[in-house]
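Residues per chain are reported as follows:
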Amino acid sequence: MTEWTFLTNHAHVLLEVARDPDVTIESLALTAALSTRSVKSILHDLEAGGYIERERRGRRTHYILHGELPMRHPSDANHQLSELVAVLAPTE
């Protein structure tokens, strides 16, 4: 039986960034069970799509999530990214 999940690697990385905007690439890789190279590629995709921004804070990177943007798949495009984040990565 093939292993599969309901969420993509992009979703896993995005949700971790939503939970902790100051998360490190190494921590993202560990939590999402991906290589650091894969995480860097995914972060690049999310940034190119306008879903996140990177902001340098000293030696660290802080991520800004743009939850007001629509989700990418045509069947989900009437929903904002913030709706997904609210359900799967609620903040206190």
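This text goes with the structure placed above it.
As a starting point, this report considers the structure included with it. (Residues numbered from 1 in each chain as written. Predicted model: local features only at pLDDT ≥ 70, side-chain atom pairs only at ≥ 80, totals over all residues. Heavy atoms only, no water.)

### Describing the layout of surface pockets
Once rolled over the atoms, a probe with the size of a water molecule shows which space is left empty. This is how it is decided: Computed over the protein atoms alone on a 1 Å grid, cavities are sets of points where a 1.4 Å probe fits but cannot get out and pockets are open sets with protein on both sides within 12 Å along at least five of seven lines; a residue lines them when it has an atom within 4 Å of a point. Grid points are joined across faces, edges and corners, and a volume is the space filled by probe spheres set on the points. A run of H or I in DSSP becomes a helix once it reaches four residues, and a run of E becomes a strand once it reaches two; helices and strands are each numbered from the N terminus. Side-chain classes follow a simple rule in which Ala, Val, Leu, Ile, Met, Phe, Trp, Tyr, Cys and Pro form the nonpolar group, Asp, Glu, Lys and Arg form the charged group, and the remainder, Gly included, forms the polar group.
In this model, the largest pocket occupies a volume close to 420 Å³. Secondary structure elements with two or more residues in the lining of the largest pocket: helix H1 (9–19), helix H3 (36–48) and helix H4 (81–88). No other element matches the three residues that H1 contributes to the lining of the largest pocket. Class assignment for the residues of the lining of the largest pocket results in nine nonpolar, three polar and three charged. As a volume, the second largest pocket reaches approximately 180 Å³. Forming the walls of the second largest pocket are Asp22, Val23, Thr24, Ile25, Glu26, Lys40, Arg54, Arg59, Arg60, Thr61 and Tyr63. Contributing elements (two or more residues each) for the lining of the second largest pocket: helix H2 (25–32) and strand S2 (60–65).

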